[in-house]
Amino acid sequence: MKRRDFLRLLPLGAAATLPMTQPARAQSLWDMMNQNRTLSDAEREANSAAAIQAIDTVEPILSYDTANNLQMAIAQYEPFVARGGWEQVPQETYGVTMGIDRDGVVQLKRRLLASGDMPMVENVDGSFDAATDAALRRFQARHGLGVTGQVDEATWYALNVPAETRLHQLRLNLLRVQNMASSLADRYVVVNIPAAFIEVVEGGMVARRHTAVVGRIDRQTPILKSRIHQINFNPYWNVPVSIIRRDLIKYMNENPNYLTEQKIRIFDGSGNELQPSQIDWRTEEAVNYSFRQDPGPQNSMGNVKINFHNPHAVYLHDTPTKGLFGENARFYSSGCVRVDQVQDFVGWVLRDNGDWGTAEIGNVFATGERKDVEVRNPPELHTTYISAWANRSGVVSFRDDVYEFDMAGKVDFQV
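Residues numbered from 1 in each chain as written. Predicted model: local features only at pLDDT ≥ 70, side-chain atom pairs only at ≥ 80, totals over all residues. Heavy atoms only, no water.

Okay, the overall build of the protein next. Within the protein, the regular secondary structure consists of 11 helices and 16 strands. Relative to the 2.2 N^0.38 estimate, which gives 22 Å for 415 residues, the radius of gyration of the protein is 24 Å and therefore close to what a compact globule would have. With the principal axes as the frame, the protein shows a C-alpha extent of 80 × 45 × 45 Å. Counting only contacts in the protein whose residues sit at least 6 apart along the sequence, the fraction spanning at least 24 positions is 70%. (Helix = DSSP H or I, 4+ residues; strand = E, 2+ residues; numbered from the N terminus. Rg over C-alpha atoms; globule rule 2.2 N^0.38 Å. Contact = heavy atoms within 4.5 Å.)

Set out below in structure tokens:
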């Protein structure tokens, strides 16, 4: 469901107190914090760290543990939803943060109480205090938002998603996890599309997580199961026909030097190189040729391409535009998946290949040497769509239904 569609479904003011998660701090600590109207940078950072720690556990998102945790979350949400869910947070809370009193803060605090992000109190007043700052950061971490302690637009929309919608997500994702949990290998990689992150799993535990950039809504990353079988260091990029048609022709009409600047070469079916001036860019003539970008710092795949067999011609890869990893909504690719801290990821994939530690990988990155490595003991790869999950501490996480699979009630992706 799209964020702006949530508003017409909001319940009409059911104040509630559902302790979905246990507060991470003792009540006495909250009381001490509330005596101050400002927080130091260190205190804000501590609140953010506590919020992130609450969601950072070792259970894989695809596992029987997560299925059990989702069942417990559903059992808590069902009676709460039957009583009307939580109330709407008014638009007046836009921009509110620590030390700012504004209309709507009472409703904001009741909303954070309802989802268990804020510990229970006897009276709810209208001051945005230290306890509210910590609770809001916890809420933001659970929803994959910037942990800022401020009610920005994305946070306000997430606060106003009805509890009924969240229960629907929990039920759907329980079925998705259950469908996959029984067939997982001991060593596997999960790309979770709605969260735009990657889990590296071994022995039933998450060994590491990586931020990712996945397919945009009109060029979706496909749901699939495969194995990572090959690493290409400092690769050429062979531009897919879809990108030639959708992007390159447009870029060349805007800037006739685009291909030269990006070090992209054109070849005909016999392998002969053509010049950009030999193609009529006012037409789709370009799709009849091959376009290949040379290795180097400007290459769209960065220093490494990570291959797995699939019918969609997608892969994992590095990127020269690493700034996108710092954004919350990381849906920018044309279907492939960009991996943050890719050197460490490749080191894990090549663990059984002998002399391929992070230092050796970094050296190949630095020298620009073209090299292909077949992976020994290829790990499973799953790209999947989990928009709600829970960990063993009872903390429930949600993400936006970016591809509208939740709206469609989609459970079986037939990978």
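So that's the structure; there's more coming.
UniProt's entry tags residues 187–360 with the feature "domain: L,D-TPase catalytic" (unreviewed entry), counted in the numbering of this structure. The distance separating the terminal C-alpha atoms of residues 187–360 is 23 Å; by composition the span is 17% helix and 33% strand. (UniProt positions renumbered as here; feature names shortened; annotations may be inferred.)

Where strand S2 (residues 197–202) meets strand S3 (residues 205–215), 6 bridges bridge the pair, whose relative direction is antiparallel. By the bridge assignment for S3, Glu-202 is matched with Met-205. Counted between consecutive antiparallel strands, the loop separating S2 from S3 contains 2 residues, among which Gly-203 sits at a positive phi close to 60°. Bridging between S3 and strand S11 (residues 331–333) involves 2 bridges; their strand directions are parallel. In the sheet register, Gly-215 faces S11, and the bridge partner there is Ser-333. (Pairing = 2+ DSSP bridges.)

UniProt's entry tags His-317 and Cys-336 with the feature "active site" (unreviewed entry), counted in the numbering of this structure. Taken together, the annotated residues stretch across 20 residues yet fold into one region, lying no more than 7.7 Å apart by C-alpha. Tracing the sequence through the fold places His-317 in strand S10 (residues 316–317). Residue His-317 is classed as buried on the basis of its relative accessible area, which comes to 6%. The residues contacting His-317, other than those within four sequence positions of it, are Ser-300, Met-301, Val-304, Lys-305, Cys-336, Val-337, Arg-338 and Val-339. With respect to the helices and strands, Cys-336 occurs in the loop between S11 and strand S12 (337–339). (Buried < 20%, exposed > 50% of the residue type's maximum accessible area, 1.4 Å probe, protein only.)

What follows concerns the packing of helix H10 (residues 342–349) against helix H11 (residues 358–367). At a minimum axis separation of 9 Å, H10 and H11 run at an interaxial angle of 125°. By the angle class used here, H10 and H11 are oblique. Crossing geometry of H10 relative to H11 is assigned as right-handed. Where H10 approaches H11, its residues Val-342, Gln-343, Asp-344, Val-346 and Gly-347 are matched on the opposing element by Thr-358, Ile-361, Gly-362 and Phe-365. A breakdown of the residues in the contact of H10 with H11 according to their chemical character gives 4 nonpolar, 4 polar and 1 charged. (Axes fitted to C-alpha atoms, helices over the stretch in contact; angles between N-to-C directions. Parallel < 35°, antiparallel > 145°, perpendicular 65-115°, else oblique. Left-handed = near helix turned anticlockwise from the far one by under 90°. Nonpolar A, V, L, I, M, F, W, Y, C, P; charged D, E, K, R; others polar.)

To continue, consider the pattern of salt bridges. Scanning the entire structure with this criterion turns up 25 salt bridges. With its nearest N and O atoms 2.9 Å apart, the salt bridge here joins Asp-133 to Arg-137. Of this pair, Asp-133 and Arg-137 both sit in helix H5 (residues 130–142), 4 residues apart, roughly one helical turn. Comparing Asp-133 with Arg-137, the two get one shared label, buried. In this structure, Asp-218 and Arg-216 form a salt bridge, with 3.9 Å as the shortest nitrogen-oxygen distance. (Salt bridge = Lys/Arg side-chain N within 4 Å of Asp/Glu carboxyl O.)

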